[in-house]
Amino acid sequence: SIYFSSGLTAMEKKLAEYKCNTNEAIQLKLVRFPEDLEDENTTFNPEYSHQVFGDDEVAFGYKGLKILLYYIAGNLSTLFRIEYTSKVTEKFDCVEADDVESKIREIIPPGFCTNTDDFVSLLEKEVNFKPFGMLLHTYSIHNEDAGEDITYQIYKADMTDPGFREYHERLQTFLMWFIETASFIDVDDERWNYFLVFEKYNKDGATLFATVGYMTVYNYYVYPDKTRPRVSQMLVLPPYQGEGHGAQLLETVHRYYMSSPAVLDITAEDPSENYVKLRDFVLVKLCQDLLCFSPGKLIQGFSQEMVMEAQQKLKINKQHTRRVYEILRLRATDMGDAEQSRSYRLDVKRRLIGPYKKKQRELAKMRRCLRPEELNQIDINMQREQLEESFQQLVSDYRRVLERLAQA
């Protein structure tokens with residue numbers, strides 16, 4: 001065994017050179033003009049590729065591997081090619097390279113181009129592409145680089161819209177690269193709603209549309225005659241992130257359901273931290289003018305009136321209304337005033353302690369046979385520290401929401 005411990009064998013060293021990080025190898029593009037194909041600045045990479053290439057996000061068997069997935073900006077027609085400088089061969093190395101192509105083919109729908117010329121000729125037809133479904137909202141955002149306002153539109157589409165099913169298949173492949181636990185949905189279930197964001201842009205004097213992002217919402221049935229829409233997936237494509245499209249989309253979706261008497265309230269499935277921050281901002285923006293959230297009422301504490309009004313007028317559920325209340329109350333509280341600040345802290349901590357207390361009761365049941373009193377004291381001290389930490393984190397998140405609101 002001493003013989004082997006002297007480091008990697010020559011063979012292992014050689015094979016290590018044939019490993020590529022798939023997050024770097026995969027190159028994505030949203031193409032508007034032929035020159036975008038050569039422009040490094042239009043390329044972006046996945047955040048995740050573990051669902052396709054395994055937890056270590058590595059492809060074996062290639063040097064200089066590039067997996068090109070280029071999409072026409074509007075209808076997302078796809079160019080898929082694999083390039084590499086060299087590849088291991090079974091003949092010499094007795095090892096086999098990963099079948100990268102079939103892994104990608106599993107998640108992208110058939111009908112893609114494999115050469116650039118075909119792709120460029122499709123690009124010329126892009127002028128005929130129009131968004132699917134019904135226009136819900138138009139907004140514009142000032143773009144520093146372009147030095148002008150750019151117009152965006154949000155549509156509600158469904159599977160009966162001609163061409164939408166195929167388009168959605170191409171669109172959803174992005175989920176794999178940008179949502180850690182993404183999965184494809186069953187599009188034959190009619191309870192899904194689809195909301196899409198497009199940018200309008202000019203090309204040779206014509207107006208074209210580019211895909212910016214989208215959201216899927218599932219309508220759960222609530223006895224006897226209501227539905228409870230649940231946000232399932234939401235993605236703003238990386239070139240458009242940080243411009244405020246997520247907030248526009250979520251607010252538009254809320255407003256769409258607000259007008260429907262059959263909707264009880266809106267929830268979300270397993271939301272990410274970023275989504276919660278986005279939702280806090282949008283819901284606070286919607287709620288801040290309701291009478292039940294006037295400063296005088298906020299100081300009196302969380303009330304049933306807030307729950308009712310937010311649900312009836314804005315379709316916001318109780319749990320989210322509570323967060324809205326805490327954020328607006330923070331705005332109405334002088335945290336420099338000892339009494340006001342103490343009252344706010346107690347109010348929030350009382351909500352935070354709920355889960356801890358439940359855990360305490362469960363622990364107590366388990367410990368009846370043990371009875372070490374001192375353990376309990378340790379728990380209480382730890383609990384206090386954790387509670388204080390949770391509180392501080394929450395307040396700093398809430399302040400960010402209020403800052404963004406002040407700029408809105």
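Residues numbered from 1 in each chain as written. Predicted model: local features only at pLDDT ≥ 70, side-chain atom pairs only at ≥ 80, totals over all residues. Heavy atoms only, no water.

(A) Just the side chain of Lys 315, in detail. By the element assignment, Lys 315 lies in the loop between helix H11 (304–314) and helix H12 (318–331). Of the side chains with opposite charge, Asp 265 lies nearest to the buried Lys 315, which makes no salt bridge, at 9.2 Å. Here Ser 260 takes part through its backbone oxygen, which lies 3.2 Å from a polar atom of the side chain of Lys 315. Excluding residues within four positions of it along the chain, Lys 315 makes contact with His 254, Tyr 257, Met 258, Ser 260, Pro 261, Val 263, Leu 264, Asp 265, Ile 266 and Ala 310. (Helix = DSSP H or I, 4+ residues; strand = E, 2+ residues; numbered from the N terminus. Buried < 20%, exposed > 50% of the residue type's maximum accessible area, 1.4 Å probe, protein only. Lys, Arg positive; Asp, Glu negative; His and termini not counted. Salt bridge = Lys/Arg side-chain N within 4 Å of Asp/Glu carboxyl O. Polar contact = N/O pair within 3.5 Å; in protein donor to acceptor, adjacent residues only side chain to side chain. Contact = heavy atoms within 4.5 Å.)

(B) Fine view of the nonpolar core. Core analysis: the biggest nonpolar cluster contains 113 residues, and Trp 177 and Phe 293 have the highest contact counts within it. Sequence-distant contacts of Trp 177, defined by excluding residues within four places in its chain, comprise Ile 26, Leu 28, Pro 46, Glu 47, Tyr 48, Ser 49, Val 52, Leu 69, Ile 104 and Ile 107. Counting residues in each nonpolar core, the second largest holds nine residues, with Val 31, Leu 37, Leu 68 and Leu 79 among its members. (Core = buried A, V, L, I, M, F, W, Y, C linked by side-chain atoms within 4.5 Å.)

(C) Representation of the environment of Arg 228 in the model. Secondary-structure assignment places Arg 228 in strand S13 (residues 226–236). By relative accessible area, which is 30% here, Arg 228 ends up partly exposed. Non-local contacts of Arg 228, meaning those with residues more than four positions away in its chain, are made with Tyr 218, Asn 219, Tyr 220, Val 222, Leu 264, Asp 265 and Thr 267. Of the polar contacts made by the side chain of Arg 228, one reaches the side chain of Asp 265; its length is 2.6 Å.

(D) Representation of the pairing of strand S9 (residues 134–143) within the structure. Relative to strand S10 (residues 148–157), S9 runs antiparallel, the two being bridged by nine bridges. Counted as the bridge partner of Ile 141 is Ile 150 from S10. Hairpin connection from S9 to S10: four residues lie between these consecutive antiparallel strands, with Gly 147 at a positive phi of about 65°. (Pairing = 2+ DSSP bridges.)

(E) Representation of H12 in the model. Along its 14 residues, H12 runs 20 Å from first to last C-alpha, staying within 8% of the 20 Å computed at 1.5 Å per residue. Within H12, 11 of the 14 residues are buried, which leaves the element mostly enclosed by the surrounding structure. Those residues of H12 that sit buried are His 320, Thr 321, Arg 322, Arg 323, Val 324, Tyr 325, Glu 326, Ile 327, Leu 328, Arg 329 and Leu 330. (Expected span 1.5 Å × (residues − 1).)

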